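What follows is the residue order along each chain.
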Amino acid sequence: MSGEKSVILVTGGSGLVGQAIKTVVDNEKRQATENSKNEIWIFCGSKDGDLRDKSATEALFEKYKPTHVIHLAAMVGGLFHNMAHNLDFFRENMAINDNVLHASFRYKVKKVVSCLSTCIFPDKTSYPIDETMVHNGPPHDSNYGYSYAKRMIDVLNRGYHLQHGCTFTSVIPCNVFGPHDNFRLETSHVIPALIRRMDDVMQNGEPTFSVMGTGKPRRQFIYSLDLAKLFLWVLRNYENVEPIMLSVDEDDELPISAVAETIKQAHGYTGDIVYDTSKADGQYKKTASNKKLRSLYKDFKFTPFQVAITETVAWFKQNRESART
Ligand code: NAP
Ligand code: GFB
């Protein structure tokens, strides 16, 4: 991208990951970095155009004529939202992805970076999972709709490359959290759900806090601001169509119980944590290898989990009124 003027369209620009990229890009602008002088960034949410709709998608591309696209827009949600809406997750995401990638092809976009997820890998697999295993076997039942739709992005990327020479690639983040997350009770992922529900319990002076499931499942979590920096690195440096995992190390995988304890500490909650084992656990683990990332970007430093949780809890307390609650 160096030297040339680029117009970068971020679909899903109003969400957790989109807003983190905006924070990092705004920071680069303030520092007047070389990249920031040559890049125009456009962050779009669903109000700017419903990407399930082909003509609305084309209108967005006609308006901005992007040279590059970071494609984040998706129907997204935590375990319980996925379990209740697998069909919607499949249909909405298939439509959005087909529209965005085809418009990118028609408008001769030089590079598209789309977003997969570590939850799309086969449920029954060897560990750690890596980028070569995306299509190996059925995903976990809880989110098969989202998973198959995400896998099809990789199929589209390969097709556009083989048939038309396009550089459309994808990244595979583990679970993401941070400022601007979705804190709504019915749809959120575990970290924003626990942060919001613990704040409610503290406001009501309740002596116990209930975590759903056994607390035993294990997850890798990446801070949205770290993921944003890695997204920019991929956009500017990674030229391969094959996906690349953007995850913390395998050793940083945590049980949900440890996540709850870290949030308790950040909130300063003094009550007891209990586990509601009548609720689903979801996939036990999906340990991902970041070997490829570590080999290409050797000196990247992830924010320590506790620091990132403390910042996210502070952000939520300061922004609760305007946040997605
Ligand atoms: P998010 O906070 O829920 O944001 C989703 C974004 O997509 C919002 O900007 C939303 O716009 C937009 N969007 C949804 N439906 C749309 C539609 N029909 N037309 C146009 N825009 C639409 O999600 P996120 O966590 O930032 O996720 C970003 C990407 O990362 C997604 O592709 C997701 O699959 C992937 N990912 C997320 C996680 C995670 O743990 N969060 C993990 C792995 C991968 P409005 O808000 O304006 O409606
Ligand atoms: O982030 P999460 O909803 O999704 O985490 P997944 C679910 C885990 O956290 C399960 C436990 O073990 C739940 O039992 N948990 C405990 C809770 N309390 C809560 C709570 O209040 N809310 C929620 N949501 N969970 C998702 C996929 O899987 O991973 C999505 O379903 C997505 O498609 C995401 O891609 C990255 O990690 O299980």
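Above this note sits the structure.
Calculation criteria
- Residues numbered from 1 in each chain as written.
- Chains lettered and ligands numbered in written order.
- Predicted model: local features only at pLDDT ≥ 70, side-chain atom pairs only at ≥ 80, totals over all residues.
- Heavy atoms only, no water.
- Axes fitted to C-alpha atoms, helices over the stretch in contact; angles between N-to-C directions.
- Helix = DSSP H or I, 4+ residues; strand = E, 2+ residues; numbered from the N terminus.
- Parallel < 35°, antiparallel > 145°, perpendicular 65-115°, else oblique.
- Left-handed = near helix turned anticlockwise from the far one by under 90°.
- Contact = heavy atoms within 4.5 Å.
- Nonpolar A, V, L, I, M, F, W, Y, C, P; charged D, E, K, R; others polar.
- Salt bridge = Lys/Arg side-chain N within 4 Å of Asp/Glu carboxyl O.
- Buried < 20%, exposed > 50% of the residue type's maximum accessible area, 1.4 Å probe, protein only.
- Core = buried A, V, L, I, M, F, W, Y, C linked by side-chain atoms within 4.5 Å.
- Phe/Tyr/Trp six-rings, centres within 6.5 Å; stacked < 30°, edge-to-face > 60°.
- Lys NZ or Arg CZ within 6 Å of the ring centre and 35° of its normal.
- Near = heavy atom within 4 Å.
- Polar contact = N/O pair within 3.5 Å; in protein donor to acceptor, adjacent residues only side chain to side chain.
- Areas by Shrake-Rupley, 256 points an atom, 1.4 Å probe, with all protein chains shown as cover.
- Pairing = 2+ DSSP bridges.

**Student:** I would appreciate a short explanation of the packing of helix H3 (residues 54-64) against helix H5 (residues 86-106) in the present structure.
**Tutor:** Think of two packed helices as two axes; the pair is described by the angle between the axes and how far apart they sit. Viewed as axis vectors pointing N to C, H3 and H5 meet at an angle of 40°, and their least axial separation amounts to 9 Å. Between H3 and H5, the crossing angle belongs to the class labelled oblique. Relative to H5, H3 is oriented so that their crossing is right-handed. Counting all contacts with H3, which are made through Lys54, Thr57, Glu58 and Phe61, the residues of H5 involved are Asn99, Val100, Ala103, Ser104 and Arg106. Here the contact of H3 with H5 is built from residues that sort into three nonpolar, three polar and three charged.

**Student:** So what exactly am I meant to see when it comes to the pattern of salt bridges here?
**Tutor:** Side chains that carry opposite charge are capable of pairing whenever their charged atoms lie near each other. Applying the stated criterion to the full structure yields 20 salt bridges. For arginine 320, the salt bridge identified is with aspartate 199, shortest N-O distance 3.0 Å. In this pair, arginine 320 is assigned in the segment after helix H11 (305-319) and aspartate 199 in helix H7 (residues 190-203), connecting sequence segments 121 residues apart. You'll find arginine 320 and aspartate 199 in the same group, each marked buried.

**Student:** Mind showing me how you'd approach the nonpolar core here?
**Tutor:** If you look at soluble globular proteins, the nonpolar side chains tend to sit buried side by side. Counting residues in hydrophobic clusters, the biggest one holds 57 residues, and the most contacted among them are Ile21, Trp41, Ile70, Ile191 and Phe231. For this core, the leading source of residues is helix H8 (residues 224-237), giving nine residues. Ignoring any residue separated from it by four or fewer positions in sequence, one finds isoleucine 21 in contact with Trp41, Phe43, Ile70, Leu72, Ala228, Phe231 and Leu232. The next biggest cluster of nonpolar side chains, apart from the first, holds 32 residues, and it includes Leu9, Cys44, Val112 and Cys119.

**Student:** Looking at this structure, I do not really get the packing of aromatic side chains. What am I missing?
**Tutor:** Where two aromatic rings form a pair, the distance of their centres and the angle of their planes describe that pair. Within this structure, the stated rule accounts for 14 aromatic pairs. Aromatic pair tyrosine 160 and phenylalanine 168: ring centres 5.4 Å apart, planes at 55°, arrangement tilted. When sorted by exposure, tyrosine 160 lands in the same class as phenylalanine 168, which is buried. Among the aromatic residues, those joined into a cluster by ring pairs are Phe177, Phe221, Tyr223 and Phe305. The ring centre of tyrosine 127 lies 4.5 Å from the NZ or CZ of lysine 285, which sits over that ring.

**Student:** What's the story with the site of ligand 1 in this structure? I'm lost.
**Tutor:** Surrounding ligand 1, one finds 28 residues, the nearest of these being Ser14, Ser46, Leu72, Tyr146 and Arg324. In the environment of ligand 1, a nitrogen atom lies 3.0 Å from a nitrogen or oxygen atom belonging to the side chain of aspartate 50. Its free accessible area being 900 Å², ligand 1 has 88% of it covered by the protein chains. Contributing elements (two or more residues each) for the shell around ligand 1: helix H1 (16-30), helix H6 (144-164) and strand S6 (175-177).

**Student:** How should I be thinking about the sheet that holds strand S5 (residues 167-173) in this particular structure?
**Tutor:** One open sheet accounts for six strands, arranged S2-S1-S3-S4-S5-S10; its pairing is parallel. Both outer strands of the open sheet, strand S2 (39-44) and strand S10 (244-246), are each paired with one neighbouring strand and no more. Sheet twist, expressed as the average angle between the axes of neighbouring strands with direction ignored, equals 20°. Across five bridges, strand S4 (residues 111-115) lies against S5 in parallel orientation. For lysine 111, the partnering residue across the bridge sits in S5 and is threonine 167. Of the strands in this sheet, strand S1 (6-11), S2 and strand S3 (68-71) are in contact with H1, which crosses S2 at around 155°. Lying over the sheet, H5 contacts S1, S3, S4 and S5, oriented at roughly 170° with respect to S3.

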